[in-house]
There are 2 protein chains.
Amino acid sequence: MRELEERIRQEGIVREGNVLKVDSFLNHQCDVDLYNRMGAEWARRFKGVPVDKILTIEASGIGIACATAPHFNNVPVVFARKSQSINLDGEQYVAKVHSYTHGNDNTVIVAKRFLKPGENVLLIDDFLANGCALDGLIEICKQAKATVVGIGVAIEKGFQPGGKRLREAGYDVESLAIVKSMDVATGNIEFEAQSN
Amino acid sequence: MRELEERIRQEGIVREGNVLKVDSFLNHQCDVDLYNRMGAEWARRFKGVPVDKILTIEASGIGIACATAPHFNNVPVVFARKSQSINLDGEQYVAKVHSYTHGNDNTVIVAKRFLKPGENVLLIDDFLANGCALDGLIEICKQAKATVVGIGVAIEKGFQPGGKRLREAGYDVESLAIVKSMDVATGNIEFEAQSN
């Protein structure tokens, strides 16, 4: 998505440790008009795919998912909650998610009431690098016997292994911008060409 | 807002300790179509008020704020991040927020780049009970020398002191549903009459 690539080029800040800061429009300050066009773009790419529900993860995914849902007939958005201590009352799906960024494990939780067997679920998240957060959401969908029909990602770091692994596992991953390389010294960011 | 009151009556679950669970449509599963109409209602109530930015707090406020921004000319949404440990690099506004629900203190953080002196800020949140989260956002606006022009709340617990205190302090608090009382034994929920 050219607009997103341009925006990343203009405002993205490259930091040591494969960090790309895009907090001026994507995940601290939010450009909701851009979110809306991202939602429209996913709707174009996933045209014809049945979607009953959008599943994302707090916090940065929520705004993007909520701006995307109107492009999918206002299906409900469910956001998985992160927690380090949980109250296991049997009414929740729970998966463990490792964070390379913070070097710790988080638990992600979805109430069983909000994810049902047979539901067609579109996963949405802001970033895809190693894919750990999406693995957690996929694991929760498996527990619920729901079907992951697609994965919409705003920014994929193409030089990290998550996207390749998920596509090889058969998932339809649609990343709106795929960073091929980024240079912490010059701040230069290169994107992979996208056919669609 | 009658639609929101009806929805709370139908799906809200009253629990011990003044807890009102509305996670089927407001803060775990999200009805984005309802969010959109809530945004339109705040736009009606705050008509004529200058709004440069919407400020909310993760996680539950984000989706509501992002659905509200299109009704305020797509102004940017900034969400304060919660953290228990922070990296004080001088580039962030920081305020302490006490949580009665969890019995602990959180730190809320906004990058200084995203809140400027003189900006007119509309605060949005899902719940107002004791008002601690909103106090934190107000404190951050004070540090930034930004002006809080209004506070939009989805559900106010009118039997807890936050709303009264904030209104007495001069803030224009627009709560879309104000719970007068709720009964954990019967599940009955009463609302305060609203003139507008």
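Please refer to the structure higher up on the page.
A.B. asks: Mind showing me how you'd approach the relation of the copies chain A and chain B here?
C.D. replies: Both copies of the chain are related by one operation, a rotation about an axis with a shift along it. Each copy superposes on the other: chain A lies on chain B with an RMSD of 0.0 Å after a rotation of 180° and an axial shift of 0.0 Å. Both chain copies can therefore be described as sitting about a two-fold axis. Most of the interface of chain A is mirrored in chain B: 100% of its interface residues are interface residues there too.

A.B. asks: So what exactly am I meant to see when it comes to the interface of chain A and chain B here?
C.D. replies: The figure often quoted for interface size is the accessible area lost as the parts come together. Chain A puts 32 residues into the contact, and the matching count from chain B is 32 residues. Counting each side, the surface lost to burial between chain A and chain B is near 2,500 Å², with a carbon and sulfur contribution of 60%. Looking only at chain A, the three residues that lose the most surface to chain B are His28, Gln29 and Val32 of chain A, adding up to 26% of its buried area. At the surface where chain A touches chain B, the tally comes to 2 salt bridges.

A.B. asks: Explanation requested: the pairing of strand S10 (residues 173-182) of chain B in the structure shown.
C.D. replies: In summary, the side chains of a regular strand alternate between the two faces of the sheet. Residue and element names in this part refer to chain B. Burial within S10 is extensive, with 8 of its 10 residues counted as buried. Relative to S10, strand S9 (residues 147-157) runs parallel, the two sharing 6 bridges. Residue pairing in the sheet places Ile155 in a bridge with Ala177 of S10. The pairing of S10 with strand S11 (residues 189-191) spans 3 bridges and is classified as antiparallel. Counted as the bridge partner of Val179 is Phe191 from S11. Between S10 and S11, which pair antiparallel in sequence order, lie 6 residues; one of them, Gly187, sits at a positive phi of approximately 80°.

Cut-offs applied
Residues numbered from 1 in each chain as written. Chains lettered and ligands numbered in written order. Predicted model: local features only at pLDDT ≥ 70, side-chain atom pairs only at ≥ 80, totals over all residues. Heavy atoms only, no water. Least-squares fit on C-alpha atoms with pLDDT ≥ 70 in both. Contact = heavy atoms within 4.5 Å. Buried area = accessible area lost by both parts, 1.4 Å probe. Salt bridge = Lys/Arg side-chain N within 4 Å of Asp/Glu carboxyl O. Buried < 20%, exposed > 50% of the residue type's maximum accessible area, 1.4 Å probe, protein only. Helix = DSSP H or I, 4+ residues; strand = E, 2+ residues; numbered from the N terminus. Pairing = 2+ DSSP bridges.

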